[in-house]
Amino acid sequence: MSAVASAPHPIEARGLVKRYDQLTAVDHVDLTVEAGTVYGYLGPNGAGKTTSIRMLLGLITPDEGTARLFGRDPLVEGAAALDGVAGFVEAPRFYPYLSARRNLELMAALDGGDAGDRIDDALATVDLTEREDDKVKGYSHGMRQRLGIAAALLRDPRLLLLDEPTTGLDPAGMRDMRQLVRRLAADGITVLLSSHLMTEVEELCDRLAIVRSGRVIYEGGLTDLLRSTGQRYRLRTTDDRRALAVAREQPGVEDPVQRADGLAFAADETVAGELSVALVEAGVAILALVPAAASLEELFFRLTEGDGLPA
Amino acid sequence: MSTTAAPTPTPPAERVAITAAPAPRRHARPPIRAIYRWELRKLWAQKRTYLGLGSAIIIPVIFVVSLMVQHGGPDGVPFGRYVRQTGLAIPPVLLLFSSIWLLPLIVSLVAGDIVANEDGNGTLKTILTRSVDRQQIWLAKMLAAFTYALLALVLFAGVGLLLGGLRYGLHPLTSLSGTRIGVGRALLLMVASLGAYAMPLFALASIALLLSTVTRNSAAAVVGALMASLIMQLLGVISGLDFLKPYLLSTQFDAWQGLLRTPADWAPIVRSAWVSACYALPALAIGLTTFLRRDVTGG
């Protein structure tokens, strides 16, 4: 393996635990984020996503476990562990009595080096140049989110940790933010994107971890997850009730259910073909038989509200 | 991993070679003076700063105007009888009055707010995820709070001296021992007196800073520091507790008077130095340790 191959991962967390009295907010979480990926950290509100990110950034101390960014532990190395790392936790916060530019100048001063030279570019990237002299207290939520990205870009990051960056934005703001994340990822920045929005993760991420009650209940590729439930089909016929009865009798057809728009079932391609023959033999005409992959949303709710994925 | 419902594909070695990357280069930490400068700029942009400094200016103005419109007083205080003879007597009288609540309040207003305000606004997490270590941030805040305390003190005495000088002229000052002190020497002693006065003021700022760090609540820290000051004033006037008096912070606010005796009495100054240090150093140590270890959960 080459020297590059042995380099540490942008994020490597092992056995992270955080307890608040009786509540275990984060429960033995392992995370490995490889360079160049957009990694989704998906879970409902209160699942422990933000607490995990705070531990990764060294803002809070885990009760157990370790977190390393590019091989450096923020609790051991302090700010040095955050070199090349940027982002925000929950809503980005700035000094309301300072203008956007002054806030960025302050951040650049705290970053040192040539961060100050990137202020103009960062403001232009998030489209805030025209409002740079306005005090942040007059900014909308969306503008503050964009300013949060600008503040992150000052650090010329190789890893971005974004905690629900589109929360509270209007549809246009969400679209712009996602385009920005996509653009940053295309520039080679590794992104950890925490979100409770399935569409966002599905649209942006290569890999993901799904968390529930502080525990990671799935970790892997997005396509692997979507494939893991097997092939599902949607079926419309001239007699859905009769078709449902035939499907239930057909070997290999799993989980047939009747919905408002027809039937849904899981089966492999051969079984689906056999079912179509059986339907015709039973006098039921097929109007439509289309493959329908389970959506991430469907899987998410099965994982976070149900007993997990079928074996 | 706690529970993994679906198989987690192990990336092949080839993929690791592509996806792993060398760690980013290490940055030099910004110097503490850069952080300190920004702490001052933040103070400069906040209204409460002007509230405190404005009070430090307006109170001497009110005092001199009251001297102009009245004939008597102030009685029973050192230098009180000389306030209409020389402007040099105005700052000492102002310092005597202000040590009860004014300067402690002005200092607490900023030192009690300087950390807690960042907690309340959620900006602590913002600055702690940059390239500065926690101790740098906290030390810069401490220096900024001390700078503000010193500025308020200098403004307070300076405005009194300026207005007193304009109204009554700058003439030799009669010391507490009854000797005459020339204007030049009196001015030097005035500066030294402010230095002596600053010691317990810094100690009070340290207590406010500690409360600001520990309580994470500006109002609690400001009121707490002021209460500590007032309680010590109260303990100082209870006759049964006289043995405590030399060790109270409130007593140290009078130590500067030793400089305005002939010859100068250094004993109260020395005592003020170590008593103030006994209050300030533990407060600063506990405040810094708390700040280094605490979880930043706000915002």
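Residues numbered from 1 in each chain as written. Chains lettered and ligands numbered in written order. Predicted model: local features only at pLDDT ≥ 70, side-chain atom pairs only at ≥ 80, totals over all residues.

*Asks:* Can you walk me through the overall build of chain B in this structure?
*Replies:* Of regular secondary structure, chain B possesses twelve helices and two strands. Radius of gyration (C-alpha) of chain B: 25 Å, far over the 19 Å computed for a compact globule of 299 residues. With respect to the three principal axes, the spread of C-alpha positions in chain B is 90 × 45 × 35 Å. Each of the 299 residues in chain B was classed as buried or not, and the buried ones make up 44%. For chain B, contacts bridging at least 24 residues in sequence account for 77% of all contacts bridging at least 6. (Helix = DSSP H or I, 4+ residues; strand = E, 2+ residues; numbered from the N terminus. Rg over C-alpha atoms; globule rule 2.2 N^0.38 Å. Buried ≥ 20, exposed ≤ 12 C-beta atoms within 10 Å, placed from the backbone. Contact = placed C-beta atoms within 7 Å.)

*Asks:* Quick question: what am I supposed to make of the overall build of chain A here?
*Replies:* Helix and strand counts for chain A come out as eleven helices and 13 strands. Judged by the C-alpha coordinates and their principal axes, chain A covers about 75 × 45 × 45 Å. Taking all 311 residues of chain A together, 45% fall into the buried category. Pairs at least 24 residues apart make up 66% of the contacts formed inside chain A by residues separated by at least 6 positions.

*Asks:* Is there a simple way to explain the confidence of the model for chain A in this structure?
*Replies:* In low-pLDDT segments, the atomic positions of the prediction should not be examined closely. For chain A, the average pLDDT comes to 88, and 94% of its residues sit at 70 or higher. The spread of mean pLDDT over the elements of chain A runs between helix H11 (residues 296-305) of chain A, the lowest at 72, and helix H3 (residues 100-111) of chain A, the highest at 96. (pLDDT = per-residue confidence, 0-100.)

*Asks:* Whenever I open this one, the confidence of the model for chain B confuses me. Can you help?
*Replies:* All names here are of chain B. Per-residue confidence for chain B averages 89 on the pLDDT scale, and 92% of its residues sit at or above 70. For residues 1-19, every residue scores under 50 in pLDDT, and the model assigns this stretch 39 contacts once sequence neighbours within four places are set aside. For this predicted complex, the interface score ipTM comes out at 0.84, alongside a pTM of 0.85.

*Asks:* Any chance you could explain the environment of A:Arg102 here in plain terms?
*Replies:* Residue and element names in this part refer to chain A. Topologically, Arg102 is positioned in helix H3. For Arg102, a count of 20 C-beta atoms within 10 Å corresponds to the buried category. Once the C-alpha coordinates of Arg102 and Thr61 are considered, the two residues, 41 residues apart in sequence, prove to be 31 Å apart.

*Asks:* What am I meant to see in the sheet that holds strand S6 (residues 159-163) of chain A here?
*Replies:* Whenever strands of a sheet pair, they do so through backbone hydrogen bonds, lying parallel or antiparallel. All names here are of chain A. The strand order across the open sheet formed by six strands is S5-S6-S7-S3-S8-S9, and the pairing between neighbours is mixed. The strands lining the two open edges of the sheet, one partner per strand, are strand S5 (85-88) and strand S9 (215-221). Across the sheet, the mean angle from the axis of one strand to that of its neighbour is 15°, orientation sign disregarded. With six bridges joining them, strand S8 (residues 207-212) and S9 adopt antiparallel strand pairing. The residue of S9 that forms the bridge with Arg212 is Arg215. Helix H1 (residues 49-56) contacts strand S3 (38-42), S6, strand S7 (190-195) and S8 of the sheet and is inclined by roughly 150° relative to S6. In this fold H11 packs onto S3, S8 and S9, with an angle of close to 35° to the strand it touches most, S8. (Pairing = 2+ DSSP bridges. Axes fitted to C-alpha atoms, helices over the stretch in contact; angles between N-to-C directions.)

*Asks:* Explanation requested: the sheet that holds strand S2 (residues 23-33) of chain A in the structure shown.
*Replies:* All names here are of chain A. Taken together, three strands build an open sheet; the order of strands is S2-S1-S4 and the sheet is antiparallel. Every interior strand has two partners, whereas the edge strands, S2 and strand S4 (64-69), have only one. Averaged over neighbouring strand pairs, the angle between their axes works out to 20° when direction is ignored. Sheet topology note: the strand S1 (residues 11-20)/S4 ladder contains five bridges and is antiparallel.

*Asks:* Explain the environment of A:Arg215 here, please?
*Replies:* All names here are of chain A. Here Arg215 is to be found in strand S9. We classify Arg215 as partly exposed; it has 19 C-beta atoms within 10 Å. C-alpha separation for the pair Arg215 and Asp27, spaced 188 residues apart in sequence, amounts to 5.1 Å.

*Asks:* Just to check I follow, could you spell out the pairing of S3(A) for this structure?
*Replies:* The side chains of a regular strand alternate, residue by residue, between the two faces of the sheet. Residue and element names in this part refer to chain A. Taking burial as the measure, the five residues of S3 include five buried ones, the bulk of the element. Side chains Val38, Gly40 and Leu42 project from S3 onto one buried face, and the interleaved Tyr39 and Tyr41 project onto a second face that is buried too. With five bridges connecting them, S3 and S7 associate as parallel partners. Paired with Tyr39 across the two strands is Leu192, which belongs to S7. Bridging between S3 and S8 involves four bridges; their strand directions are parallel. Looking at S8, one finds that Leu42 is bridged to Ile210.

*Asks:* Sorry, what's going on with the packing of helix H5 (residues 102-111) of chain B against helix H9 (residues 183-215) of chain B here?
*Replies:* Two quantities define a packed helix pair, namely the angle between the axes and the distance from one axis to the other. Residue and element names in this part refer to chain B. Viewed as axis vectors pointing N to C, H5 and H9 meet at an angle of 35°, and their least axial separation amounts to 8 Å. Relative to H9, H5 is oriented so that their crossing is right-handed. Across the interface between the two elements, Leu103, Pro104, Val107, Ser108 and Ala111 of H5 pack against Leu201, Leu204, Ala205, Ala208, Leu209 and Ser212 of H9. Residues of the contact of H5 with H9, tallied by class, amount to nine nonpolar, two polar and no charged. (Left-handed = near helix turned anticlockwise from the far one by under 90°. Nonpolar A, V, L, I, M, F, W, Y, C, P; charged D, E, K, R; others polar.)

*Asks:* Could you clarify how one ought to interpret helix H3 (residues 47-69) of chain B in this entry?
*Replies:* Residues spaced three or four apart along an α-helix point in a common direction, a consequence of the helix completing one turn every 3.6 residues. Residue and element names in this part refer to chain B. Between the first and last C-alpha of H3 there are 32 Å, a value that for 23 residues agrees with the 33 Å anticipated at 1.5 Å per step. Burial in H3 covers these residues: Thr49, Gly52, Ala56, Pro60, Phe63, Val64 and Leu67. Of the surrounding elements, those touching the buried residues of H3 are helix H2 (32-44), helix H4 (90-98), H5 and helix H8 (134-168). (Expected span 1.5 Å × (residues − 1).)

*Asks:* Got a minute to help me understand the nonpolar core in this structure?
*Replies:* Side chains that are nonpolar tend, in soluble globular proteins, to be buried together. Judged by nonpolar contacts, the single largest core of 155 residues is most densely connected at A:Leu193 and B:Val107. With 15 residues, H9(B) is the largest single contributor of residues to this core. Judged by nonpolar contacts, the second largest core, of 14 residues, contains A:Val246, A:Ala247, A:Ala266 and A:Ala272. (Core = buried A, V, L, I, M, F, W, Y, C linked by C-beta atoms within 7 Å.)

*Asks:* Could you clarify how one ought to interpret unusual backbone geometry in this entry?
*Replies:* Phi is mostly negative for residues that are not glycine, and the peptide bonds are mostly trans. The amide bond that connects B:Thr262 to the next residue, B:Pro263, takes the cis arrangement and shows omega of -5°. Its location among the elements puts B:Pro263 in the loop between helix H11 (249-252) and helix H12 (267-293). Here the phi dihedral of A:Glu90 falls at roughly 50°; this positive angle occurs in a residue that is not glycine. Topologically, A:Glu90 is positioned in the loop between S5 and H3.

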